[in-house]
Amino acid sequence: MSESYTTLIRRGLLHGVGAAFVAAFAYATASHFPLVHDAYWAAIAALLSLHPEPHATREAGAEQLFGAAVGGLIGWATASWWHHHVLIYGAGLVLAVSVCYLVRLPNAARLCGLAVTIITLIPFAATPAAIALRRAIEVSYGAACAIGYTAAVASIARSRERLRSRSP
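Just so you know, these numbers come straight off a predicted model, no measurement behind them. (Residues numbered from 1 in each chain as written. Predicted model: local features only at pLDDT ≥ 70, side-chain atom pairs only at ≥ 80, totals over all residues. Heavy atoms only, no water.)

(A) Just the packing of helix α2 (residues 40-49) against helix α3 (residues 54-81), in detail. Between α2 and α3, whose axes approach to 8 Å, the crossing angle comes to 140°. By the criterion of interaxial angle, the relationship of α2 to α3 is oblique. Side by side, α2 and α3 meet where A45, L48 and S49 of the first sit next to A56, T57, A60, G61 and Q64 of the second. In terms of residue class, the contact of α2 with α3 is made up of four nonpolar, four polar and no charged. (Axes fitted to C-alpha atoms, helices over the stretch in contact; angles between N-to-C directions. Helix = DSSP H or I, 4+ residues; strand = E, 2+ residues; numbered from the N terminus. Parallel < 35°, antiparallel > 145°, perpendicular 65-115°, else oblique. Contact = heavy atoms within 4.5 Å. Nonpolar A, V, L, I, M, F, W, Y, C, P; charged D, E, K, R; others polar.)

Dropping the structure here:
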């Protein structure tokens, strides 16, 4: 049996409130870290990781963490050798996406490729190593915020369920 329209609206609103909370929290708190210069990446990563189901959030968060780390490393190397040679950028993308598939995390490939693209193609005043480290920290923090939020909400829901089952 399908959910009623009211139930769908309620679930959508609850997820929207949760998404707004976790993204705002990730952004506001990440901006206080010394290596974070673009705290909006934490908010973006939190939103990309957050799903209505806790297990899906954990999986997406883990893939975000992996994609950010591998993409940061490959992006650093690609940007260091870049010199506006599109074949080097392309080779970096092939390597980044392939690594994700080799470790059976195909969803991490999108973030990994995105990290390589941002680090390589966008001109920054800082070194490629500094940019790669910053992106990895910002994205990892956002994913961790989504995972932590989901764990807290699931824990509260389990506690409520235990209380209801004990009530006469």
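Having put the structure on the table, let's press on.
(B) Highlighting the pattern of salt bridges. Under the defined criterion, the tally for this structure stands at three salt bridges. In this structure, the salt-bridge partner of D38 is R135, at a minimum N-O distance of 2.6 Å. You can see D38 sitting in the loop between α1 (5-30) and α2 and its partner R135 sitting in helix α6 (residues 128-166), a full 97 residues away along the chain. Judged by its relative accessible area of 7%, R135 is buried. Here E161 and R164 are joined by a salt bridge, their closest N and O atoms 3.7 Å apart. On the criterion of helical spacing, the pair formed by E161 and R164 is a turn pair, its members being three residues apart in helix α6. Several salt bridges share partner residues, and in doing so they unite D38, R135 and E138 into one network. (Salt bridge = Lys/Arg side-chain N within 4 Å of Asp/Glu carboxyl O. Buried < 20%, exposed > 50% of the residue type's maximum accessible area, 1.4 Å probe, protein only.)

(C) Up close: unusual backbone geometry. The phi angle at H83 is positive, at roughly 45°, despite the residue not being glycine. Within the secondary structure, H83 is located in the loop between α3 and α4 (86-102). On the basis of relative accessibility, which here comes to 67%, the residue H83 falls in the exposed class. Look at H84: it is not a glycine, yet its phi comes out positive at around 60°. Looking at the secondary structure, you find H84 in the loop between α3 and α4.

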